Amino acid sequence: MAKKKVNPLDFAAFLESIDDNFQTVQVLDVNGKVVNEDLLPDLSDDELVELMTRMVWSRVLDQRSTALNRQGRLGFYAPTAGQEASQLASHFAMEKEDVLLPGYRDVPQLIQHGLPLKEAFLWSKGHAAGNEYPEDLKALPPQIIIGAQYVQAAGVALGLKKRNKPNVAFTYTGDGGSSQGDFYEGINFAGAMKANAVFFIQNNGYAISTPRELQTAAKTLAQKGLAAGIPSVQVDGMDALAVYKVTKAARDWAIAGNGPVLIETLTYRYGPHTLSGDDPTRYRSQETEDEWAGKDPLNRFRIYLTEKGLWSEEKEEAVIEQTKEEIKEAIKATDATPKQKVSDFLKNMFDVAPQSIQEQIDIYEAKESK
């Protein structure tokens, strides 16, 4: 049967034909029930438990980080509660040798990739030691410039391809980041070069206070990848199994030499954009909050695992207590780290300080020694 052609002058039909290609991938519904058996990922019971453990760990880390920020013991912090499936299930499909280029909300993935918790806390406080990474950590520090990590990821991905590495560069931005020029430049370059990259748009509904519907006229953010010749998919970002399944398939595609994939995760952040003055009650309704609370990724996955006999309240409580203890020890070590000096900043500017800078170093060191 011949495929129905779309009249190129019927602009409305043309848009609809694109939208038809972006159906949201889902494995678990909001009640933790499997709605697509064919897409159930091949994960062992131990792996399922480990994924849930990481998601609970991330929720506790968010709660404690928020409290530490309020106490003045942490600096910049972007809340992550609500995005555990989007962040941790996607990372769960990656390998240690894959290169992570995170945005500022992607600290949970960075820690799971190998960054010690103490260093993550130091980064939040703006301490230079927070950027001193272990040699075997394949990652860059979180990018503050919106979308800039996309351009960086494209370059890293091309490097992996040129060295015939069976690995990918993977990066994240938000729905607002998909409106940045860096976003388009990154996916276009990676697509043209068929580089080993997996790009994520974590669509949590708001770019600070700007709702997603005011960001773009595109029905989905995933479809933006088509212009760059990149296969793109939209997934339920509150469904850990769906996120893992799509990410694993995207990684397999990229390392096979087919080029990058763009994944849009439909998710939500329960807290403010950052703890630097944002008040989400000014632009989000209680009705919206209640709707997304019913889609909580932890609750959905918890029900699924509990019914399989893999999870319990006792097991979750043990994870919570262990995580709190890890955070307690890490923040204690963070607080004990020597404070930065002005002379340190000046010394970090040049490998060999020019005379003008050396004079300033001498002045400040004299003051700091008193």
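Every value quoted in this text rests on a predicted model; they were computed, and no experiment measured them.

One non-glycine residue, Asn164, lies in the positive phi region at around 55°. Within the secondary structure layout, Asn164 lies in the loop between helix H6 (148–162) and strand S2 (169–174). Positive phi is not limited to glycine here, since Lys194 has a value of about 50°. Residue placement: Lys194 occurs in the loop between helix H7 (181–193) and strand S3 (197–203). On the basis of relative accessible area, Lys194 is assigned to the partly exposed category, the value being 42%.

Right, let's talk about the pattern of salt bridges for a bit. Overall, the coordinates contain 15 salt bridges when judged by the stated rule. Two residues, Glu50 and Arg54, come together in a salt bridge whose shortest N-O distance is 2.8 Å. In this pair, Glu50 and Arg54 are both assigned in helix H2 (residues 45–70), four residues apart and thus about one turn of the helix distant. For Arg59, the salt bridge is made with Asp296, and the minimal N-O distance between the two is 3.2 Å. Taken together, the residues span a long stretch of sequence, with Arg59 in helix H2 and Asp296 in the loop between helix H9 (286–293) and helix H10 (297–307) at a distance of 237 residues.

A few words now on the domain arrangement of the protein. Annotation of the protein at the domain level lists domain 1 (19–339) and domain 2 (340–369). Computed over C-alpha atoms, the centres of domain 1 and domain 2 are 38 Å apart.

Before going further, it helps to spend a moment on the UniProt feature "domain: Dehydrogenase E1 component" (unreviewed entry) in the protein. As recorded in UniProt, the sites labelled "domain: Dehydrogenase E1 component" (unreviewed entry) are residues 53–342. Between the end C-alpha atoms of residues 53–342 there is a gap of 41 Å, over a span that is 46% helix and 11% strand.

The five strands are arranged S1-S2-S3-S7-S6 in an open sheet whose pairing can be described as parallel. The open sheet is flanked by strand S1 (99–101) and strand S6 (232–236), the only strands paired with a single partner. Neighbour-to-neighbour, the strand axes of the sheet open up by a mean angle of 20°, direction not taken into account. Judged from the six bridges that link them, S2 and S3 form a sheet pairing that is parallel. In the sheet register, Thr171 faces S3, and the bridge partner there is Phe199. Here H7 sits on the sheet in contact with S2, S3 and strand S7 (261–266), set at roughly 150° to S3.

In the contact formed by helix H3 (residues 84–92) and helix H8 (residues 240–258), the axes pass within 8 Å of each other and the chain directions differ by 40°. By the angle class used here, H3 and H8 are oblique. Handedness of the crossing formed by H3 with H8: right-handed. For the pair H3 and H8, the contacting residues are Ala85, Ser86, Ala89, Ser90 and Phe92 in the first and Ala240, Val243, Tyr244 and Thr247 in the second. In terms of residue class, the contact of H3 with H8 is made up of six nonpolar, three polar and no charged.

Inspection of the secondary structure assignment puts Ala148 in helix H6. What makes Ala148 buried here is its relative accessible area of 11%. Residues Ala148 and Gly177, 29 residues apart in the sequence, show an inter-C-alpha distance of 9.0 Å. In this view, Ala148 contacts Gln143 and Asp182; residues no more than four positions away in its chain are not counted.

The next thing to look at is the packing of aromatic side chains. By convention here, two paired aromatic rings are described through the distance between centres and the angle between planes. Taken as a whole, this structure holds 12 aromatic pairs when the rule is applied. On the basis of an interplanar angle of 90° and a centroid distance of 5.6 Å, the ring pair of Phe76 and Tyr104 is categorised as edge-to-face. In this pair, Phe76 is assigned in the loop between H2 and H3 and Tyr104 in the loop between S1 and helix H4 (107–113), connecting sequence segments 28 residues apart. Cluster of aromatic residues (ring-pair linked, three or more members): Tyr150, Phe183, Tyr184 and Phe199. One Lys or Arg, Lys295, reaches over the ring of Trp292 and ends 4.2 Å from the middle of that ring. Lying across the ring of Tyr364, Lys367 places its NZ or CZ 5.2 Å from the centre.

It is worth spelling out H3 at this point. Extensive coverage of H3 is indicated by the burial of nine of its nine residues. Residues of H3 that are buried: Glu84, Ala85, Ser86, Gln87, Leu88, Ala89, Ser90, His91 and Phe92.

Procedures and definitions
- Within every chain, residues take consecutive numbers counted from 1 along the sequence as written.
- Confidence filtering applies because this is a predicted model: local features only for residues at pLDDT of at least 70, side-chain atom pairs given and counted only at 80 or more, and all residues used for totals across whole chains, interfaces and linings.
- Only hydrogens and water are set aside; all other atoms, that is, all heavy atoms of the structure, feed into the side-chain values.
- Strands here are runs of E lasting at least two residues and helices are runs of H or I lasting at least four, both read from the DSSP assignment and numbered beginning at the N terminus.
- Only protein chains enter the accessibility calculation, which uses a 1.4 Å probe; a residue is then buried when its area is under 20% of its type maximum, exposed when over 50%, and partly exposed in between.
- Salt bridge, as applied in this entry: a Lys or Arg side-chain nitrogen positioned within 4 Å of an Asp or Glu carboxyl oxygen.
- Domain boundaries shown here were taken from an automatic or database domain assignment.
- UniProt positions are given in the numbering used here, feature names are shortened, and annotations may be inferred rather than shown by experiment.
- Note on pairing: two strands pair once DSSP finds at least 2 bridges between them.
- Inter-axis angles, ranging from 0 to 180 degrees, are taken between N-to-C directions of lines fitted to C-alpha atoms, where helices are fitted over the stretch in contact.
- Two residues form a contact once any of their heavy atoms are found within 4.5 Å.
- Our angle categories are set so that under 35 degrees counts as roughly parallel, over 145 as roughly antiparallel, 65 to 115 as roughly perpendicular, and the remainder as oblique.
- Two helices cross in a left-handed way if the nearer one is turned anticlockwise from the farther one by less than a right angle. They cross in a right-handed way if the turn is clockwise.
- Basically, the charged four are Asp, Glu, Lys and Arg, the nonpolar ten are Ala, Val, Leu, Ile, Met, Phe, Trp, Tyr, Cys and Pro, and anything else, Gly included, counts as polar.
- Stacked, edge-to-face and tilted labels apply to pairs of Phe, Tyr and Trp rings (six-membered ring for Trp) whose centres lie within 6.5 Å, assigned for plane angles under 30 degrees, over 60, and everything in between, in that order.
- Either the NZ atom of lysine or the CZ atom of arginine qualifies as a charge over a ring when it sits within 6 Å of the ring centre and within 35 degrees of the ring normal.

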